[in-house]
Every structure is written in structure tokens, then in C-alpha cells.
Amino acid sequence: MAMKYGSNLADQGKEFVQQNVDKWFSVSKLKYYFAVDTNYVAKKLLIILFPFLNRDWSVKYTQGEVACPPKLDVNAPDMYIPVMAFVTYILMVGVTLGFEDRFSPEKLGIYASSALGWFLIEVLIIFLSLQILSIKSALTTFDIMAFCGYKYFGMILCLLGQLLVPDAYYFVLLYMSLSFTYFMVRNLKLMILGGSSSTAQNNSAYENQSYGNKRRIYLLLFISLLQPIFMWWLTYKF
């Protein structure tokens, strides 16, 4: 009897956990952001590096109005590049510290924890800004994490430039700041200024509200201009 009761209790607990995990952290949705291939990664990195050359920023949808996975749409956000870029950034920090004879596992751990902490703070600030300003947009939490995570690619180039030519750091930082800000504005423009983007009627309603549009523009600029600040903050000390 006790074993049967314990088994039922365990099943109920398992069902409760699965329901809440799927509600707040959907594994199926997360898989979408890792549906990439080599061709997508190469094209995405080129767009981040040279966004001024890209002419098409629209996101593609299937016949069922479902966003195409990243491997089928280079403009779709992904989590593969941000994760790999973050790991590579930490490795580059270790290499930089090694060249300066300052490397130690403890220091590398501190820098890694600090970078992760600032990333989470950044995502939280953007998320709270959307809530406080009551802005309905197509941006999901994973989208915010993806777009904010792309800047680590630029930060890697900054550290690499500093290793190769010490005086090149600020030149690379300036270029990547300008290019990444442009990249963010073009990507987030439709997601934020277009409202929830589910129907043209909703878009028209939001566009007719000048005050709401101003808030959206301010938020778009805030998110975009926040990226160079974090790029500098997480690279200048090396």
C-alpha cells in the first residue's frame, strides 16, 4: 500500500515538473534555436561581420505561419553561435592572460563567471524593459539571448586583433561596435516596431499610436547601443 502511494506521488511529481518546465523553458522550442548547419553558421558570421552588405533582413515563414529554422533562414536567430562564441571568448581571455603572464585557473574562472553574470543581467534588463514599457513584440527570451550573444563573435575579434597588433584593439572595437549596432537595429526593427507581428491588423494598430511607436524606437536604440558598451566592458581590461 505504501509503495503504491509512493509510486503515485512520484508520478504526480514528475507530471508537475514536466508541465512547469515546458511552460517556462520549453525544450522543443530550444531545439529550434540549435537547428543549424555549417552553411548557416558561415553566412551568419559574415552578416555579423559585414552587415552593411546584406540586403534582405526579412524572416521566412512556412505555409503554416511557423518561422523557418535557422538552417533554412539565415536571418533567423539561433543559440549555437552565441554558445560557441561565448566559450571561444573565454578561451581567448585565457590565451590573452597567458601571453601577459597573468594566467591562472582562478582568474579564468572569475572572468568566465563575470561574463556570464553580465550576460544574464543584460538579458534581464531588456526583458524588464519590455514589461515595464508594456511593449508587445515578437521577441522571445531565447531571441533576446541569441541576439545579445552574437556580440561575443565581435569580442573575439577584438581580443584577437589585440594579440596580433596591440594598437589594433580600438580600431577593431570601433568597427565591430558600428557593424554590430547596425546588425541589431536591422534585425530587431521588425520584431519590435512591428509589434507582435502576428497579423497586419495588429501592426497597423500599433503604428497608429505615435506614443507607443516612440517607446518602441527608444527601446530598439537602447538595446542596440547597449551592445558596444558590453563589448568594451568585457574586453578593455585585457
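That block above? That's the structure.
Cut-offs and rules
- Residues numbered from 1 in each chain as written.
- Predicted model: local features only at pLDDT ≥ 70, side-chain atom pairs only at ≥ 80, totals over all residues.
- Heavy atoms only, no water.
- Helix = DSSP H or I, 4+ residues; strand = E, 2+ residues; numbered from the N terminus.
- Buried < 20%, exposed > 50% of the residue type's maximum accessible area, 1.4 Å probe, protein only.
- Contact = heavy atoms within 4.5 Å.
- Areas by Shrake-Rupley, 256 points an atom, 1.4 Å probe, with all protein chains shown as cover.
- Axes fitted to C-alpha atoms, helices over the stretch in contact; angles between N-to-C directions.
- Left-handed = near helix turned anticlockwise from the far one by under 90°.
- Nonpolar A, V, L, I, M, F, W, Y, C, P; charged D, E, K, R; others polar.
- Expected span 1.5 Å × (residues − 1).
- Salt bridge = Lys/Arg side-chain N within 4 Å of Asp/Glu carboxyl O.

(A) Geometry of the overall build of the chain. Within the chain, the secondary structure is distributed over 10 helices and 0 strands. Starting at the N terminus and ending at the C terminus, the chain contains elements arranged as α-α-α-α-α-α-α-α-α-α. Counting only residues that meet the buried cut, the chain has 40% of its 238 residues in that class. Excluding contacts between residues fewer than 6 apart, the proportion of contacts in the chain whose partners are at least 24 apart in sequence is 78%. A total of about 14,000 Å² of accessible surface is found on the chain, and carbon and sulfur atoms cover 67% of it.

(B) Quick look at the packing of helix α4 (residues 80–99) against helix α5 (residues 105–132). Interhelical geometry of α4 versus α5 gives an angle of 145° and a closest axis separation of 10 Å. Considering the relative orientation of α4 and α5, their crossing is right-handed. Along the contact surface, α4 presents Phe86, Tyr89, Ile90, Val93, Gly94 and Leu97, while α5 presents Lys107, Leu108, Tyr111, Ala112, Ala115 and Leu116. Along the lines of polarity and charge, the residues of the contact of α4 with α5 split into 10 nonpolar, 1 polar and 1 charged.

(C) Seen up close, α5. Along its 28 residues, α5 runs 40 Å from first to last C-alpha, staying within 8% of the 40 Å computed at 1.5 Å per residue. Residues of α5 that are buried: Leu108, Ala112, Ala115, Phe119, Glu122, Val123, Ile126, Ser129 and Leu130. Just downstream of α5 lies Ser134, where phi reads positive at about 55°.

(D) Molecular detail of the pattern of salt bridges. In the structure shown here, the tally under the stated rule is 3 salt bridges. Put simply, Asp73 and Lys60 hold a salt bridge, and the shortest N to O gap is 3.8 Å. Highlighted residues: Asp73 in the loop between α3 (38–49) and α4 and Lys60 in the loop between α3 and α4, separated in sequence by 13 residues. A residue is classified by how much of its surface remains accessible, and Asp73, at 1% relative accessible area, is buried. By relative accessible area, which is 39% here, Lys60 ends up partly exposed. Across the pair Arg102 and Glu100 runs a salt bridge, and its minimum N-O distance is 2.5 Å. Its relative accessible area of 27% is what places Arg102 among the partly exposed residues. Residue classification places Glu100 among the partly exposed positions, given a relative accessible area of 34%.

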